[in-house]
Amino acid sequence: MKILLPAIHSMILLLCAVIMQVHASEDTQKEKIALIQPIEQHAIIYGEGERKIYVFVDPKCPHSRDFITMINENAKMRGIYRYYIFFYELKRFHSHNLIATLYASSSPLQRTLEVMVGGKEIVTDTRIEPKIEAKIDDIARVADTIGISKRPYLIILKENK
């Protein structure tokens, strides 16, 4: 019995640590969602599903393009999830003007698919409207606060059951 007691204590401590990590990650998830909700109106929404996924992409990033292509080619994914797509520039791609042009488009989703899935080159405008610049800045501020460093970056909302 004396031999089992330290092992039981270790298991209890380990279990408590795991529970705390799960709880901490849920709290972190809630904090991220609370930060994103005020900029939700800036998102380009793709899909009709019940579950929300927030996605931060750079339109010139090959990994972001692969991800958007995967969504585009999979109707089932769009039926399960509703993707809230935010453009967040990776500085090495110099995509700021492209992002502004996509947001300023009369159909941002269609234009995004043409560029990211279809590989279409579009003329970008260097004169960015102040409201578009403010949208880009709002998204960048939230992304910086969350600590997003890679694209695509996904935040999947857990189902409440």
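Treat the numbers as computed from the prediction; the structure is a model and nothing was measured. (Residues numbered from 1 in each chain as written. Predicted model: local features only at pLDDT ≥ 70, side-chain atom pairs only at ≥ 80, totals over all residues. Heavy atoms only, no water.)

Visitor: Quick question: what am I supposed to make of the overall build of the protein chain here?
Guide: Helix and strand counts for the protein chain stand at 6 helices and 4 strands. Of all intrachain contacts in the protein chain linking residues separated by at least 6 positions in sequence, the fraction that spans at least 24 positions is 80%. Only carbon and sulfur atoms are counted for the fraction: they give 58% of the accessible area of the protein chain, which is about 10100 Å². (Helix = DSSP H or I, 4+ residues; strand = E, 2+ residues; numbered from the N terminus. Contact = heavy atoms within 4.5 Å. Areas by Shrake-Rupley, 256 points an atom, 1.4 Å probe, with all protein chains shown as cover.)

Visitor: Teacher, can you tell me more about the packing of aromatic side chains here?
Guide: Aromatic ring pairs: the centre-centre distance and the angle between the two ring planes describe each pair. Per the counting criterion, the structure on display carries 7 aromatic pairs. Seen in terms of ring centroids, Tyr 54 and Phe 86 are 6.2 Å apart; in terms of plane orientation they differ by 40°. Their pairing is tilted. Here Tyr 54, found in strand S2 (residues 51-57), pairs with Phe 86, found in strand S3 (residues 81-87); they are 32 residues apart in sequence, far enough to count as distant. Look at Tyr 54 and you get buried, because its relative accessible area is 0%. Aromatic ring contacts, followed pair by pair, group Tyr 54, Phe 56, Tyr 84, Phe 86 and Tyr 153 into a single cluster. (Phe/Tyr/Trp six-rings, centres within 6.5 Å; stacked < 30°, edge-to-face > 60°. Buried < 20%, exposed > 50% of the residue type's maximum accessible area, 1.4 Å probe, protein only.)

Visitor: I would appreciate a short explanation of the nonpolar core in the present structure.
Guide: Taken as a class, soluble globular proteins show a tendency for nonpolar side chains to be buried jointly. Grouped together as the largest cluster of nonpolar side chains are 40 residues, with contacts concentrated most on Ile 36, Phe 56, Tyr 83, Phe 86 and Tyr 103. Here this core takes 6 residues from helix H6 (residues 130-146), the largest share from any one element. (Core = buried A, V, L, I, M, F, W, Y, C linked by side-chain atoms within 4.5 Å.)

Visitor: Can you help me understand the side chain of Ser 95 in this one?
Guide: Its place among the elements puts Ser 95 in the loop between S3 and helix H4 (96-104). Setting aside anything within four residues of it in sequence, one finds Ser 95 in contact with Asp 58, Pro 59, Lys 60, Glu 89 and Leu 90.

Visitor: When you look at helix H5 (residues 108-116) in this model, what are you seeing that I'm missing?
Guide: For an α-helix, the turn length of 3.6 residues means that residues three or four places apart are oriented alike. The set of residues buried in H5 consists of Thr 112, Leu 113, Val 115 and Met 116. Down the axis, H5 shows its buried residues gathered within 165° of arc, on one side only. As for H5, its buried residues are in contact with strand S1 (44-46), S2, helix H2 (62-73), S3 and H4. (Arc of directions from axis to C-beta.)

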